[in-house]
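Here's the letter readout for the chains.
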Amino acid sequence: MTNHRPEGRADARRHARAATLIRHRRRPSRSHTMLTLIKALALTLAVVLVSGVSVAAIAVSQFATKVSANAVDISNGATDLPAIPQLGSFEGGFNVLVVGVDNSLTQSAAYGDRTGTLNDVNILLHVSADHKSAVVISIPRDLVVNQPACTDPDTGKVAKAATSTAMNASFGRGGLGCVVSTVSSLTGLTIPYAGLISFEGTVAMADAVGGVPVCLNDAIKDPYTGLDLPAGTSVVSGTAALAYLRSRHGVGDGSDLSRISSQQAYMSSLMRVMKSSATLTDVSKLSALATAAGTNLKLSTSLANIPTMVGMALALKDIDLNQLVFVQYPSATDPQDTNKLVPSTALAKKLFAAVTADQSFTLDAKSLGNSAELDPTAAPAATPTPTPTPTASATGAATGTPTPAATDAAAPVEIAGLRGQTASQQTCSIAFNY
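First, a word on scope: everything that follows refers to the structure included in this document. (Residues numbered from 1 in each chain as written. Predicted model: local features only at pLDDT ≥ 70, side-chain atom pairs only at ≥ 80, totals over all residues. Heavy atoms only, no water.)

Working definition: two side chains of opposite charge can pair if their charged atoms are close together. Evaluation of the coordinates by the stated rule reveals four salt bridges. For Arg 141, the salt bridge is made with Asp 142, and the minimal N-O distance between the two is 3.5 Å. Judged on exposure class, the residue Arg 141 and its partner Asp 142 are both buried. One salt bridge connects Asp 256 with Arg 141, and the closest N-O pair in it is separated by 3.7 Å. Taken together, the positions of Asp 256 in helix α9 (residues 256-274) and Arg 141 in the loop between β3 (134-138) and β4 (144-147) put the pair 115 residues apart, joining distant regions of the chain. Taken as a pair, Asp 256 and Arg 141 share a single burial class, namely buried. It is possible to trace a salt-bridge network through shared partners that takes in Arg 141, Asp 142, Asp 256, Arg 259 and Lys 340. (Salt bridge = Lys/Arg side-chain N within 4 Å of Asp/Glu carboxyl O. Buried < 20%, exposed > 50% of the residue type's maximum accessible area, 1.4 Å probe, protein only. Helix = DSSP H or I, 4+ residues; strand = E, 2+ residues; numbered from the N terminus.)

Here's what the structure looks like:
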């Protein structure tokens, strides 16, 4: 099989990375530093999908018209597509992939050249069949994986299967459907829904919710992104929120994985904001968010209709924050290229065995990434109510044998080694002094 890698800018990036001894610490080009604008949009979409029905209820006609016009084919050439559940019919779990591209053809010229488009944000949302728990998995852009053959839905051009190829090359091989197929192959999950986000609207969507609280253990002044925040908690919106999400050199060890950890802290905080009455009862905020989302999102044809989105929201709106877990896809440094990552196969199998079985799970005490620590000023997160242990009922009158009680859902299992946090945990980003 042929190894397909993007030409042009991607080659330039690879050569630049080879010149540094520290993984992921290269000085970014203008287009590279701007690519993480997309992350704010992707993170916001993930939260919008689980925040409730209110957003869908605001300006429904305008929103529906926009998302339908921008619908994207993710079939990747397949014709035997599964039936898509509609409003009120979500009787099981479902998966949604949120993809952020760094160089859309529709973006402003202010965001750099368009020599190639990479999917640098890949966020997979899985909701359990009982709609009581969910997991959001961030798949690193530099994860080296095998990728299936892909068909461009616009041109019909077929890209052959590729081996040992960075995750963020999949969009360039066949659009959103190729990313979906690649993630499906990697995880073993069927992914019928997806969303595509570009640079535009990041600031507007951050502003729409009135700002998001973020915490730093020390002041950060990152010259690469413009992030300039004091120690402690600040409410960020607009360009300040964008700078926080972009900052790689300012947090942890200066790596992209550290940035993912900060983004999970942001997602958790944003979820708490979205689920608060201050947001859900504020029509102006909901209207602004719906307008920004409708303008800047491209959803799969399976997702680009109000009944499906409302059905998802109804299934998700009451998930306890303790049962919403954000994790990084398990990975390790690629021995062939220290600027890349490879799957940690054993740990990934444990994660996706739990996901496939709809087994809720918890993280161990060392789960926080190297750019996060618990906020010492925050109240302790509420402890989840333990699942009752099934017990035998009284002896059956007819048989004289004990009749088992109805079996409750399996108690959460701990998966040691995963990196991430729950939506209920309030964390601070650890400043990186370079």
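So, next bit.
Quick look at the packing of aromatic side chains now. The final tally for this structure, using the stated rule, is three aromatic pairs. Seen from their ring centres, Phe 94 and Tyr 193 are 6.4 Å apart, and the 85° between their planes marks the pair as edge-to-face. Of this pair, Phe 94 sits in strand β1 (residues 94-101) while Tyr 193 sits in strand β8 (residues 193-197), and the two are 99 residues apart along the sequence. Across the pair, Tyr 193 and Phe 94 agree in class, each one buried. Centre to centre, the rings of Tyr 244 and Tyr 266 are 6.4 Å apart; their planes meet at 35°, and the pair counts as tilted. Taken as a pair, Tyr 244 in helix α8 (residues 238-246) and Tyr 266 in helix α9 lie far apart in primary sequence, 22 residues in all. With relative accessibility at 2%, the residue Tyr 244 sits in the buried group. (Phe/Tyr/Trp six-rings, centres within 6.5 Å; stacked < 30°, edge-to-face > 60°.)

A few words now on the packing of α8 against α9. Here α8 crosses α9 at 140°, and the two axes come no closer than 8 Å. Between α8 and α9, the angle is such that the two are oblique. Where α8 abuts α9, its residues Ala 241, Tyr 244, Leu 245 and Arg 246 lie against Arg 259, Ser 262, Gln 263, Ala 265 and Tyr 266. (Axes fitted to C-alpha atoms, helices over the stretch in contact; angles between N-to-C directions. Parallel < 35°, antiparallel > 145°, perpendicular 65-115°, else oblique. Contact = heavy atoms within 4.5 Å.)

Within the secondary structure, His 126 is located in strand β2 (residues 119-127). Residues contacting His 126, with those up to four places away along its chain left out, are Phe 94, Asn 95, Ser 133, Ala 134, Val 135, Val 355 and Asp 358.

Looking now at the sheet that holds β2. Whenever strands of a sheet pair, they do so through backbone hydrogen bonds, lying parallel or antiparallel. Strand order in the open sheet formed by seven strands is β13-β8-β1-β2-β3-β14-β22, with mixed pairing between adjacent strands. In this open sheet, the two strands that pair with only one neighbour each are β13 (297-299) and β22 (420-422). Within the sheet, the average angular offset between the axes of one strand and its neighbour, ignoring direction, is 15°. Pairing analysis gives eight bridges linking β1 to β2, with the strands arranged antiparallel. Bridging across to β2, Val 96 finds its partner in Leu 125. The strands touched by α9 are β2, β3, β14 (324-328) and β22; relative to β14, the strand with the most contacts, the crossing angle is about 170°. (Pairing = 2+ DSSP bridges.)

So, about the environment of Tyr 266. Residue classification places Tyr 266 among the buried positions, given a relative accessible area of 1%. Taking the C-alpha atoms as reference points, Tyr 266 and Cys 428, separated by 162 residues in sequence, lie 9.7 Å from one another.

With 19 residues, α9 should reach 27 Å at 1.5 Å per residue; the first-to-last C-alpha distance of 26 Å fits that figure. Within α9, 18 of the 19 residues are buried, which leaves the element mostly enclosed by the surrounding structure. (Expected span 1.5 Å × (residues − 1).)

A few words on the pairing of β8. The buried count for β8 comes to five of five residues, which makes it a mostly enclosed element. Side chains Tyr 193, Gly 195 and Ile 197 project from β8 onto one buried face, and the interleaved Ala 194 and Leu 196 project onto a second face that is buried too. The pairing of β1 with β8 spans five bridges and is classified as parallel. Across the sheet, the residue bridging to Val 99 is Leu 196, located in β8. Pairing geometry for β8 and β13, over three bridges, is antiparallel. Bridged to Leu 196 within β13 is Lys 298.

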